[in-house]
Amino acid sequence: MNDLLDRLKAEGLTEEQAYKAISVIKDFTKEKFPLFAGAIDKLFDKYKPKEEDFLD
């Protein structure tokens, strides 16, 4: 399920930037479709960075 992440990185974003972009898209979508917030969270949960990515 890393298709979106891979596509963003192929466009020149770093992994950190790609995760941030996905977070912005998720938040924007939830604002526009608040009734679907739970489903949107579940859909985008797979794009959370791994915790060890931030331990550096």
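What you see is a predicted model; the values in this text were computed from it and never measured.

About the criteria used
- Each chain has its residues counted from 1, following the order in which its sequence is written.
- For this predicted model, a pLDDT threshold of at least 70 governs which residues receive local features, and a threshold of 80 or more governs which side-chain atom pairs are given and counted, while totals over whole chains, interfaces and linings are taken from all residues.
- The basis for every side-chain value is the complete set of heavy atoms in the structure, and neither hydrogens nor water enter the calculation.
- The way it works is that DSSP assigns letters per residue, a run of H or I at least four long becomes a helix, a run of E at least two long becomes a strand, and they are numbered from the N terminus.
- Buried means the residue's accessible area, taken with a 1.4 Å probe over protein chains only, is under 20% of the maximum for its type, while exposed means over 50%, and partly exposed covers the values in between.
- Contacts: residue pairs with any heavy atoms within 4.5 Å of one another.
- Per-residue accessibility takes into account occlusion by the displayed protein chains alone, with areas from the Shrake-Rupley method and a 1.4 Å probe.
- Buried Ala, Val, Leu, Ile, Met, Phe, Trp, Tyr and Cys residues that are joined via side-chain atoms within 4.5 Å together make up what is termed a nonpolar core.
- We define a salt bridge as a side-chain nitrogen of Lys or Arg found within 4 Å of a carboxyl oxygen belonging to Asp or Glu.

A. Representation of the overall build of the chain. Looking only at helices and strands, the chain has three helices and zero strands in total. Each helix and strand of the chain, placed in order from N terminus to C terminus, yields the pattern α-α-α. Buried residues in the chain amount to 16% of all 56 residues. Considering only contacts within the chain whose residues lie at least 6 apart along the sequence, 34% involve residues at least 24 apart. When the accessible surface of the chain is summed, it comes to about 4,700 Å², and 55% of that surface belongs to carbon and sulfur atoms.

B. The nonpolar core, seen in detail. In terms of nonpolar packing, the biggest core is built from eight residues, these being Leu 5, Leu 8, Ala 18, Tyr 19, Ile 22, Ile 40, Phe 44 and Tyr 47. Looking at this core, the elements that each hand over two or more residues are α1 (3–10), α2 (15–32) and α3 (37–45). Apart from the residues within four sequence positions on either side, Ile 22 is in contact with Leu 4, Leu 5, Leu 8, Phe 44 and Tyr 47.

C. Just the pattern of salt bridges, in detail. Summed over all chains, the structure comprises three salt bridges. The partner of Asp 41 in a salt bridge is Lys 26, with the nearest N and O atoms 3.6 Å apart. Within this pair, whereas Asp 41 is found in helix α3, its partner Lys 26 is found in helix α2, the two being separated by 15 residues in sequence. Using a relative accessible area of 24% as the deciding quantity, one classes Asp 41 as partly exposed. Since its relative accessible area comes to 19%, Lys 26 is described here as buried. The partner of Asp 41 in a salt bridge is Lys 30, and the shortest N-O contact between them spans 3.0 Å. Highlighted residues: Asp 41 in helix α3 and Lys 30 in helix α2, separated in sequence by 11 residues. Judged by its relative accessible area of 24%, Lys 30 is partly exposed. A cluster of three or more residues bridged by salt bridges with shared partners is formed by Lys 26, Lys 30 and Asp 41.

Geometry only, nothing functional implied.
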